[in-house]
Amino acid sequence: MPRKTLGNTTVAVLNAIAGGVQYGFDIMDATSLASGTVYPALGRLERQGLVESRWEDHARAAAEKRPPRKYYRITGAGTIALTESARRIAELGRALRPLVDGKGPKGGV
Amino acid sequence: MIHEPDSRPRLALLLLRLISYLVPASRRREWRAEWSGEIVHRGQGATRRHMRKRIGLLRRTAGAIVHALWLRKQEWSIDLMGQDLKYAFRIFRRRPLFAGIIVATIGLGVGTTTSMFSVVNGILLRPLPFASPEELVMVWEHNLPRNRPTNVVSPANFIAWGERNNVFTGLGALTAISGTLTGDGEPERIGLVMATAEVWPVMGVTPAIGRTFTPEEDLPSAGRRAALLSYGFWQRRFGGSRDVLGRVLTVNDETIEVVGVLPEAFRFRFPYTFDATESMDVWMAHQLPAEARSIYGRWLQVVGRLRQGVSVEQAQAHMESIAARIREERGDAMAGWSANVVPLHQQVVGETERALWIVFAAVVGVLLIACANVAHLLLARSTERIPEIAARTAMGATRTRIVRQLLTESVMLGLVGGVVGMALAFGAVRLTVLLGADTVPRLDEVGIDLGILGFAAGLSLLTGIVFGLVPALQLSRPNLGDALKEGGMRAGTSRGHARLRTGLVVGEVALSLVLLAGAGLLIRSFVNLVETGIGVDAENVLVANVQLPDSRYPEEENKIRAFEDLVSRVSNIPGVMEASAITFAPLTGAGSATDFRAFDKPEPQPGEEPVADIRWVHRDYHRAMGIPLRAGRSFSEADGADGQLVVLISEWMAENIWPNENPLGKTILMEWGDTLVAQVVGVVGDVRHGGPNMESRAKIYWHHVQFSTFDFMTLVARTDRDPMEVLPSIRQAVRDVDPLLPVYQAETVDDLLAEAIAPQRFTLVMLGVFSIVALVLAAIGIYGVISYSVSQQVRELGIRVALGATGRQIVGSVVRRAFLWIGGGLLIGTGVTLLASSLVESMVFEIEPTDPVAISLAAIVLALSALLASYLPARRAGRVDPARTLRTE
């Protein structure tokens, strides 16, 4: 499958995972994205092979009297994709800079 | 629940459980585990003091819906869908004939059904354009002994009904006539309606501009009549200007004042009209004069609106009791007369209803045949695909996956067929409207709208799903693997399939026979109609109407002289061989009738007097119209105003009033203002005034010089060329007599005749087209079934050839079996045709609805087509090469 450009929310999720945030609900906290956004993004990332998921150790979950949680880790391909996306977004950011600084068209942000 | 001591977030977990059912079953467990792992982890320690936290958790859990739907969508993802579609399109590439036949079949089925449904919807199902149209009725006088249930109403009865009933919110009376508009510009012939003031509230009409007229303006003493213009007339004559309000027009030399314009959608179809244009341009106050309020002379058409909660049956019973009371009060004068309440919709749609439903049934028959074909083709193909499907199943494709792919195929075929069908329907509806525009009521209101398109789309989708599902489910059976072992090719010849195929052929043949026999019946009936005619020689005859206004032709004498003058001028026009005139020409709608007495017969019971159509003619009328003189003489110039009153009577009247007697010299008495006593001097051929399918009736012709009461006549001219060529000269001749007289509704009798039988032609063409479509589809179906069964038997046939059977024997055996099925279908079809024959009884003319000629003709046509359809594959079977077929096994 040809690599597609990752959407901004997907990049945010991937970035959170790369930063060591592993669990779905923790990713929501880290990115301030809604659950209905984060999980489909995780699904997409996993299908593209950019992240992989594992179940945590059952014994540990049992000790805490709760079911086991699923955690996500970034893959090698994920790291590359994240870097590419970061570069793209950075370039976009440079291009958009004038708008933020108020030098752009009238009514800019 | 928030106050629970248990720290597990139960509400969130319950919600999650519910949402989990949205997730595709294969992923549900894992999905639930992942989410509940997070939820429980988060919920831990969030007790009642952490309300905000728990609500946040609930909100996140609710977000699982989005995730679940996303997964569901992935399941039906573009990839898989695209794969399905790619497979489906492969059919078109690999089996273009198969796909083409299915698409064409569904297209024909959906197209014909859709077009006919839009016709039925527009005419029968859509309510009339009035407020609460289901409450509207027409009320008629019902002549019991003469079986005339919808007779026009006398003013006295109309008034009595209005005063005495408690079932209607109101009753209004209408009379459709025609008039001449004079004043600025050319005199113009216009459709004129006299309406009582009650008509407007009864019909619930709100004028486009201005107002309707009031009961006060409807009184005979009110003076100048108030009038409403039809929207079309307002646009045409006055350019839609609002200044028209308050204008005074001159119609039939009487001034009327415009008070309003009717809404654009307002349309009322008069069951009886004296104005064949049916344009109904001006609606003016009726102002029923006191002297007209008699029980004699029936000429009103009455509309009423049922009070809320009153049924038609209740109104009918109530009106009958009122009529009974009036009978008691009036004695003989009302003997035999009752009242009849008819829902307006029924009145408008009338006899068309039965014809339309029959044609619609025919179309449903076509659709059924189409569906049967599609089902068979898909089934036949599905058996061919057993090895493919089995292989895919063996490689791990799930049952859902396979069903989905097969369904995608058949749904796509259905939808492509549906598009073809819709295109077909657009064309067919336009054609239908063109064909029947003037003959079928409300046909001009028929069109294809979104609802109809939805109907078509739904129909094709349904065809695709239903007929794709059966083979799809069969093919995806878990034990399909066995099919592979059996060698695949023969698995489909199971007994169930074979029985289904036989059923399809038998059913198709039976249905087609019913349709073809119906069409054959209508064709024979139509031929009868055309051959019977109406009793006149219709070739090269022109009729044109002239009306003499009272203001300039006040005395009867003036009118007689003017008509004599007109006829003699017209007869002098080059190209005119005969000229004459009549009041109420045949096929022009309205007529006039009254009861009479034969002087030499015993006086009949009140209410049982014989009735005759009354016509006033110029003396050469019968010769000009080609109506044969059966006995005695025709009128002559000697039958003048001062001479002995003489009449001509119709053959039917002679035979029924004086059976086995010579009617010549007999005397008749007729009340018409005065008692008229006249001698019968001649008998002429019957003329069926309303059209070839009308019963002959008694008819009395008066010489207009001796007795006439109407101020209009229809000029009749028989020409030696196209009658329309002499029309300008006739107009000129009329202008020469009086430049202010318009000539209106000039038509050839041939055209009138064609118009009169147009409804029958319409039904005939529709049923004819549909039965041909059915025949073609049935032939395709038979071809498909036989060629499929031949292909299934290649091995068996090969063995037989190897054992010494000749090609002819093989062909013979295939055709013989096909004929067994076809014969079965013909037998069943004949049975159904005979059972259904009573439905068309009222639609056919001078032919038994069980006519053996029509049925056997249909059977022969069908049998020949079926023979051809089964011979082609049989011939292929005859050429089977045993060596090759056996080798392939």
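Residues numbered from 1 in each chain as written. Chains lettered and ligands numbered in written order. Predicted model: local features only at pLDDT ≥ 70, side-chain atom pairs only at ≥ 80, totals over all residues.

### Thoughts on the overall build of chain A
Across its full length, chain A holds five helices and two strands. Each helix and strand of chain A, ordered N terminal to C terminal, gives the series α-α-α-β-α-β-α. Expressed as a percentage of its 109 residues, the buried residues of chain A come to 29%. A separation of at least 24 residues holds for 51% of the contacts in chain A among residues at least 6 apart in sequence. (Helix = DSSP H or I, 4+ residues; strand = E, 2+ residues; numbered from the N terminus. Buried ≥ 20, exposed ≤ 12 C-beta atoms within 10 Å, placed from the backbone. Contact = placed C-beta atoms within 7 Å.)

### What about the packing of helix α6 (residues 96-125) of chain B against helix α12 (residues 352-384) of chain B?
Residue and element names in this part refer to chain B. Here α6 crosses α12 at 160 degrees, and the two axes come no closer than 9 Å. As judged from the angle between their axes, α6 and α12 are roughly antiparallel. The handedness of the crossing between α6 and α12 is left-handed. Per-class residue counts for the contact of α6 with α12 are 21 nonpolar, six polar and two charged. (Axes fitted to C-alpha atoms, helices over the stretch in contact; angles between N-to-C directions. Parallel < 35°, antiparallel > 145°, perpendicular 65-115°, else oblique. Left-handed = near helix turned anticlockwise from the far one by under 90°. Nonpolar A, V, L, I, M, F, W, Y, C, P; charged D, E, K, R; others polar.)

### Comments concerning unusual backbone geometry
Residues and elements named next belong to chain B. Within the chain, D253 stands out as a residue other than glycine whose phi angle is a positive 65 degrees. When the 13 C-beta atoms within 10 Å are taken as the criterion, D253 is described as partly exposed. At N540, a residue that is not glycine, the phi angle is positive and equals roughly 55 degrees.

### A look at the nonpolar core
Residue and element names in this part refer to chain B. One finds L715 and V716 to be the most contacted residues of the largest nonpolar core, which totals 173 residues. With 18 residues, helix α23 (residues 758-792) is the largest single contributor of residues to this core. The two domains that each donate at least three residues to this core are domain 3 (352-530 + 758-888) and domain 4 (549-740). Those residues in contact with V716 that sit more than four places away from it in its chain are V541, V543, A579, S580, A581, I582, A585, Y621, A624 and M625. Counting 64 residues, the second largest nonpolar core, distinct from the first, contains M203, V205, V244 and F270. (Core = buried A, V, L, I, M, F, W, Y, C linked by C-beta atoms within 7 Å. Domains from an automatic or database assignment.)

### A few points about the interface of chain B and chain A
Taken together, the contact pairs 17 residues of chain B with 15 residues of chain A. Secondary-structure elements contributing two or more residues to the side of chain B that touches chain A are α2 (25-43) and α4 (64-75) of chain B. At eight residues, α2(B) tops the list of elements feeding residues into the side of chain B that touches chain A. Per-class residue counts for the side of chain B that touches chain A are seven nonpolar, six polar and four charged.

### What to know about the confidence of the model for chain B
Residues and elements named next belong to chain B. Averaged over chain B, the pLDDT score is 84; the fraction of residues at 70 or greater is 93%. Confidence drops under a pLDDT of 50 for residues 1-5, and excluding neighbours within four residues, the segment shows seven contacts in the predicted structure. As a predicted assembly, this complex carries a pTM of 0.65 together with an ipTM value of 0.88. (pLDDT = per-residue confidence, 0-100.)

### Description of helix α1 (residues 8-18) of chain A
Residues and elements named next belong to chain A. Regarding α1, the residues found buried are T10, V11, A12, V13, L14, A16 and I17. Considering only its buried residues, α1 is in contact with α2 (24-31), α3 (35-47), β1 (51-55), β2 (70-74) and α5 (76-100). Of the residues one or two after α1, G20 is the one with positive phi, at around 100 degrees.

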